[in-house]
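Coordinates in review
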Amino acid sequence: MMDYSDRIIIGSDHAAFRLKEIIKKHIEGIGYDIYDAGCNKEESCDYPIIGHEVTRIVKKENCRGILMCGTGLGMSFVANRRPGIRAALCHNEYTAEMSKMHNNANILILGSRVVAESMAIKIVDIWFNTEFEGGRHQRRIDQIDIL
């Protein structure tokens, strides 16, 4: 499987469209290659379609993703249905750090109506810069997708 570690797949529903555009601009400025899976406007849309597209690409390309909706809950429900996806709904710096350090999350989820824009940027930065510890945490991750 190819490694697209510098590629970020991003998507949101209408409620998080504005935050998605802010986060997208921020991470492009850091130097990441972005693929925007939608939505492309603030008009109502169905979040599961976008959530499924982001998770499909993240799994196929072995890259990372960011999903956003009003609370983050809807996107969390969608993303964590796909085996191999570890999507973490983060509300602060600590949850962002732990989602990578202990759970090796491959999708970050943000709630645009829950997290301020400045906090969302901090969460993204911490999430990108935190390394997975491995060890006992890998053993636990390996147990997630057992059917």
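Further up the page is the structure itself.
Keep in mind that what you see is a predicted model, and the values were worked out from it rather than measured.

We now examine the pattern of salt bridges. The final tally for this structure, using the stated rule, is nine salt bridges. Ionic contacts of the salt-bridge type, sharing partners, join the residues K20, E21, K24 and D36 into one network.

With that settled, consider the sheet that holds strand β4 (residues 87-89). Ordered by their spatial adjacency, five strands build an open sheet running β2-β1-β3-β5-β4, and the pairing between neighbours is parallel. Each of the sheet's edge strands pairs with one partner strand only, and the pair in question is β2 (33-36) and β4. The average angle at which neighbouring strand axes cross in this sheet is 20 degrees, direction not considered. Bridging between strand β1 (residues 7-12) and β2 involves four bridges; their strand directions are parallel. Looking across to β2, one finds that I8 is bridged to I34. Helix α1 (residues 17-30) contacts β1, β2, β3 (64-69) and β5 (107-111) of the sheet and is inclined by roughly 165 degrees relative to β1.

Reading the values: the criteria
- Residues numbered from 1 in each chain as written.
- Predicted model: local features only at pLDDT ≥ 70, side-chain atom pairs only at ≥ 80, totals over all residues.
- Heavy atoms only, no water.
- Salt bridge = Lys/Arg side-chain N within 4 Å of Asp/Glu carboxyl O.
- Pairing = 2+ DSSP bridges.
- Helix = DSSP H or I, 4+ residues; strand = E, 2+ residues; numbered from the N terminus.
- Axes fitted to C-alpha atoms, helices over the stretch in contact; angles between N-to-C directions.
- Contact = heavy atoms within 4.5 Å.

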